[in-house]
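Below are the chains, spelled out letter by letter.
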Amino acid sequence: MNKAIDSKLLHEPDAYGAWQQEYAATIGTDKQVANRSGVPIKPLYTAADWNAADRASDLGVPGQAPFTRGIYATMHRGRTWTQRQLIGLGTPEEYNARLREVLAQGATAISLLPCNSVFRGYDMDESHIELLGTCGTVINTWEHMDAALQGVDFARTSCAQNDPTPFTLLAFMLVAARRRGTDWRQVSGTSNQSDYLSHYVANHMFYRLALPGARRLLGDHIDFCNRHVPRWNPMSVVGQHMQQAGATPAEAMAFTLSTAIQNARDCIERGMDPDDFLPRFTFFFDISVSFFEEVAKFRAARRIWTRITRDRLGAKDPRSWRFKFHGQTSGADLTRQQPLNNIARVTVQAMAGILGGLQSLHTDAYDEALSCPSEFGARIAIATQNVLREEAHLTDVIDPLGGSFYVEKLTDEMEAEIERVMKIVEDAGGMYQAVEAGLVQRMIGESARRFQQRVDSGEQTVVGVNAYQVEEDASARPINTRPDRTTMQAHVDGFKAWKAQRSAGQVQGALDALARAAGDARDNVFARVVEAAEAGCTHGEICSTLRREMGFGHVQAIV
Amino acid sequence: MSEPHTMSAARPPEGAKAPSGGSDPHAVGERGGHMIPKVLVTKIGFDGHDRGSRVVAAGLRDAGMEVIYTPPWQEIAAVVKLAMEEDVDVVGISSLATDHLIVPKLMAELREAGLGDIGVVVGGIVPDEDEKALLDAGVARVFHPGSAMADIASFVRELAGQVRARRVAL
Amino acid sequence: MKREPGFHDKAGGWARAVLAGERGAIARAISQVERGEREPAAVAAALAPHLGRAHVLGVTGSPGAGKSTLVNALLGELLARGRRIAVVAVDPSSPITGGAVLGDRVRMGEHGAHGDVFIRSVASRGHLGGLAPTSEAMVDILDAAGFDTVIVETVGAGQSEVEIMRVADTRLVACPPGLGDNVQAIKAGILEIADVLAVTKCDLPGAEITARDLKDMLHLRAAGAEGSWQVPVLGASATTGSGIGALADAIAAHAAAAGRGRRLHARQPVASAGDNAVGERVKQLAAADPFLRWAGIRCTHADRGTATVEVTLQPHHINFNGTCHGGIVFALADTAFGLAANSYGVIAAGIDTHLTFQQASHAGDRLVATSVEVSRSRKLAVYRVDVCKGDGVPISSFTGTVYLTTRPHTV
């Protein structure tokens, strides 16, 4: 079982030997245990696994390289994590009403989730009406954005936008801000889904431009925001999709860091200085229910990112080395069976993210696996964060798991596994080439299959699904709320009327300028997107113009 | 939206022999009752989460069926054209968000194209009240997350058999 | 795209619907061939006057050469030239489970929805040689249905490249770019059959080298029976679109020079309705068979590798349930099998048979059994026999294997 350990490192070598004997005698069959990333897990960790005296510099202190214990000196004790709940539904007016409730209940920032039709680049009058607004808000113009964010001061409240390239939602927001007299330099938030490579790998919603076009547009977007919207984070490198698609936590982190390196290199190639754009790189991760693994994953990531930014990319400003991330509890772990159990799962996931040192958190509603979340479920999700902060006092101590033999050793091992996968990507020519070749997709598919086999065989228990099943009363499930058809029809009719009264010349001129920019490498396509939004172009018009000019991204189907 | 826990992967049944059309040169094709179901696994509407549909496609293959697997975001007209050209027995729609709401539209277009005899199953997140509506519209079965792959495979095989029998009887 | 109301599966009706280009009928006819419900020879016979209009392009190459993506690009080019194109895309079946995921069609998604494109995905079903023998009949159906070009795209390993020779008029072989070892890895047989060679993904490094290596190899090849056709080596990139037009031009040039209709010349002639020397021979064998006289079985037609026999059921053919005794059904099928196998002039001895009973028949029914050759090698041949009632209702299916001796018949 245990390999021979260096007894000099143990404080109580005789006691340890005694424990080993007693353990072996009483354990019966000792199963080999490994976490989701494949790291073997022992029953007990000691100073022989991780010795504080030897590893002080790797551990460090909060707010200083290598940031293992946290990117800020004060962390959550100084400023609690941002409670950024992802919401979206129905019409802009319905969204605004829900938004105000959520802010009143304690959310401190906004994350706007648009309708799936928006993700796909279509306007509402091109889409099946049954599908409009069921899981996100239908926003096709700057006026819709203005209505959705009525009563929100852009200068004070951070607004994350969840659309992928070409980031029309930010464009609409900037137009609305200008109309309200808010200086763009005060607008803060994140382009949450700007990672085109992760969208290419794990299909999910977003898939509109061919790879080369998406790459170019991201560069233009970062450039534009650096110059004109300096408090905006244009780059959110996304690990969530890949982990949801089946990548192990270590793989998801490795692929995400590799994407960040790719994007950073692309920016450097455009002539940008790393210290200009790295401070505004943020990350977005899935948090699974594998508690310690997630904590270790995030701590390891901070260390790796420090080395990458400082040593490989040549960033000199310590703000460039900071690994800032938003975490979302993983819907992939939630079940339809006995859905209230999901509240327990989300709590554990949230704790892992908080103790892992995230900057902002979204907690899923328990009914995520049944339908788009209800108001009732959303309220519990927010309350969960409030309980963890104010009743469990998780903000009182910075990196409370630091120094734990297990957590530190696991951090080391996750670091090694992450770097191993990063090397595979590096050897394949970097993330862009690895994704283009389908390598990353295949690796994720393999991991997904392996996990499925473990669930199948019962090795991985899923409560209520392959163990502890009960006959359930269907009436216990919450009622589904769908957008009211009449309200949505009115929204569509209003949209058509609005389009009819625009200046056709102005609209066409803006779309032509956009099309020309797509073919001119010296122009900034995102700047033209903003201008088109200002001229009254709709989301669908902007997207279809770029789809035509830059090519449509076809999906690889690898089974 | 995030993707919930999906279904189990397939394993060939214990003691399964290669069906005809495998390595048996004496039983070429589907004579002697060794029907090989032809199944389309696809997604319509807007959602792109396809982890579940990939697992099911692989599972049906492992159960000895021929599967046409498409990426998400298929237009309904394209699905109908595909179903006709490939002469599929069963269409399996994977739906995570609310895309199942347009399955009745798909079924209407299949009927209009003379393909109303094709079996349709839906898998994914479908609230109970919607499930009833789908079954009333002619969907043969709705599979929820956590469904066992073996159940899906055996139902699809049986459904395909019924579809074929109806066609021969024409 | 509707199926004609009242579409029936009767003999003859299906052919009319196919010739009229009805999508549903084409699809159903292809299914019947795939499932063994209709023999390839019967298909060819029914459609014979209408074959040879389409240009059949076979596409093969090593796995990873990007065949499907290349075919997709060609579809775009041909559509722009006003063609109607059908594609038969073959994917391998699992040898263990017998199932398959047919994914080639996905890579043609861009053009798959176009009204002038018809795509059919086929599993190889483990047939020796990779490519399904029934694919030839599928191509016939699509040819007769009026498509200008029929593209057959196959798995790129093993014997399938050789099988393409039978199915296609023009053979395109796709090679991925890379260092010289990529070309070494290509099976030697590919160069023998290629009419056009395409180096795919030619925007990537290594394409030049691969093209040069291929040209070198071609120089070593002796001039083939094609005579003056020089096999071109062309670079093409499906992603950038470069070289696709030139590729389409080269394919069209081959069609004009040597290709179109070539696949039909290569076939054995379809059995004609009239008597012929082989048929006479086989009928003599039947006449000399005491059992056939005793059972009342007659041979009505025969040719190389095929025979048709029939019997009208008498009371003494019936069992205690009042239906035809299985032994008579077997005897009929076995006779068709034996006559076909022995039609080459040497003694063929049956070694294994398999029969299924599908429908009962009764006194007074006329039963007809037709056998068709599935494969024939030096020592073994396999036949399939359909037994039907006179009105076409299927009664039984039979498969048999013979061992081929070298001894001639003594009759």
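Residues numbered from 1 in each chain as written. Chains lettered and ligands numbered in written order. Predicted model: local features only at pLDDT ≥ 70, side-chain atom pairs only at ≥ 80, totals over all residues.

**Q** Any details on the overall build of chain A? Residues and values, ideally.
**A** A count of helices and strands for chain A gives 22 helices and eleven strands. A compact globule built from 559 residues should have a C-alpha radius of gyration of about 24 Å, and chain A, at 24 Å, falls within 12% of that. The dimensions of chain A, computed from C-alpha atoms along their principal axes, are 85 × 60 × 45 Å. Looking at chain A as a whole, 52% of its 559 residues qualify as buried. Contacts in chain A between residues far apart in sequence, at least 24 positions, make up 77% of those at least 6 positions apart. (Helix = DSSP H or I, 4+ residues; strand = E, 2+ residues; numbered from the N terminus. Rg over C-alpha atoms; globule rule 2.2 N^0.38 Å. Buried ≥ 20, exposed ≤ 12 C-beta atoms within 10 Å, placed from the backbone. Contact = placed C-beta atoms within 7 Å.)

**Q** Please give an account of the overall build of chain B that cites residues and values.
**A** Check the secondary structure of chain B and you find five helices and five strands. Classification of the 170 residues of chain B by burial places 65% in the buried group. A sequence separation of at least 24 residues applies to 75% of the contacts in chain B between residues at least 6 apart.

**Q** Provide a residue-level description of the pairing of strand E12 (residues 366–376) of chain C, including the pertinent values.
**A** Residues and elements named next belong to chain C. Summarising the sheet, strand E10 (residues 306–312) and E12 pair through six bridges and their orientation is antiparallel. Of the residues in E12, the one forming a bridge with valine 311 is leucine 367. Inspection of the sheet shows E12 paired to strand E13 (residues 380–389) by nine bridges, in the antiparallel sense. Opposite valine 368, over in E13, you have cysteine 388 as the bridge partner. Hairpin geometry of E12 and E13 is characterised by an intervening segment of three residues between the two adjacent antiparallel strands. (Pairing = 2+ DSSP bridges.)

**Q** Which residues make up the sheet that holds strand E2 (residues 85–91) of chain C, and what values go with them?
**A** What holds strands together in a sheet is hydrogen bonding between their backbones, with the strands either parallel or antiparallel. Residues and elements named next belong to chain C. Strand order in the open sheet formed by seven strands is E4-E2-E5-E1-E6-E7-E8, with parallel pairing between adjacent strands. Bordering the open sheet on either side are strand E4 (117–123) and strand E8 (233–235), each of which pairs with just one other strand. Looking at each pair of strands side by side, their axes are set apart by 20 degrees on average, direction ignored. Taken together, the three bridges between strand E7 (residues 196–199) and E8 define a ladder with parallel strand orientation. (Axes fitted to C-alpha atoms, helices over the stretch in contact; angles between N-to-C directions.)

**Q** Give a detailed account of unusual backbone geometry, specifying residues and quantitative values.
**A** Residues and elements named next belong to chain A. For the bond from alanine 65 to proline 66, the omega torsion is -5 degrees, close enough to zero to count as cis. Relative to the assigned elements, proline 66 resides in the loop between helix H2 (56–59) and helix H3 (75–78). With an omega dihedral of 5 degrees, the bond running from threonine 165 to proline 166 counts as a cis peptide bond. One can find proline 166 in the loop between strand E5 (159–161) and helix H7 (168–180). The phi angle at glutamine 338 is positive, at roughly 45 degrees, despite the residue not being glycine. Mapping glutamine 338 onto the fold places it in the loop between strand E10 (325–329) and helix H14 (341–355).

**Q** Would you mind going over the sheet that holds strand E7 (residues 232–233) of chain A in detail, with residue names and values included?
**A** Residue and element names in this part refer to chain A. Pairing in this open sheet of nine strands is parallel, and the strands run E7-E6-E5-E4-E3-E11-E10-E9-E8 from one edge to the other. Looking along the sheet, the strands with just one partner apiece sit at the ends: E7 and strand E8 (235–238). Looking at chain direction, strand E4 (residues 109–112) and E5 are connected through three bridges and run parallel. Residue isoleucine 110 lies in a different strand from E5, and its bridge partner there is cysteine 159.

**Q** Now, about helix H1 (residues 51–62) of chain B: what can you tell me, with residues and values included?
**A** All names here are of chain B. Given a rise of 1.5 Å per residue, twelve residues ought to cover 16 Å, and the 17 Å separating the end C-alpha atoms of H1 matches this to within 8%. Counting buried positions along H1 gives twelve out of twelve residues, so the element sits mostly inside the fold. Once H1 ends, the next one or two residues include glycine 64, with phi positive near 90 degrees. (Expected span 1.5 Å × (residues − 1).)

**Q** Before we move on, could you go through the packing of H14 of chain A against helix H15 (residues 375–390) of chain A and cite the residues and values that matter?
**A** All names here are of chain A. Two elements in contact, H14 and H15, have axes separated by 10 Å at closest approach and are oriented at 45 degrees. The orientation of H14 with respect to H15, classified from their angle, is oblique. Like other packed secondary-structure pairs, H14 and H15 cross with a definite hand, here right-handed. In this structure, H14 uses Ile343, Val346, Thr347, Ala350, Met351 and Ile354 to contact H15, whose residues at the interface are Ile380, Ala381, Thr384, Gln385 and Leu388. Counted by class, the contact of H14 with H15 contains eight nonpolar, three polar and no charged residues. (Parallel < 35°, antiparallel > 145°, perpendicular 65-115°, else oblique. Left-handed = near helix turned anticlockwise from the far one by under 90°. Nonpolar A, V, L, I, M, F, W, Y, C, P; charged D, E, K, R; others polar.)

**Q** Which residues make up the confidence of the model for chain B, and what are the values?
**A** All names here are of chain B. The share of residues in chain B with pLDDT of 70 or more is 79%, and the mean pLDDT across the chain is 81. Residue range residues 1–29 is modelled with pLDDT below 50. Its contacts to residues more than four positions away, or to other chains, number 111 contacts. Both scores are given for the predicted complex: the pTM is 0.73, the ipTM 0.82. (pLDDT = per-residue confidence, 0-100.)

**Q** Give a detailed account of the nonpolar core, specifying residues and quantitative values.
**A** In terms of nonpolar packing, the biggest core is built from 260 residues, with Val67 and Ala83 of chain B together with Ile141 of chain C touching the most fellow members. Broken down by element, the residue count for this core peaks at ten residues, all from helix H11 (residues 249–269) of chain A. Excluding residues that lie within four positions of it along the chain, alanine 83 of chain B makes contacts with Leu40, Val88, Val91, Leu110, Leu115 and Ile118 of chain B. (Core = buried A, V, L, I, M, F, W, Y, C linked by C-beta atoms within 7 Å.)

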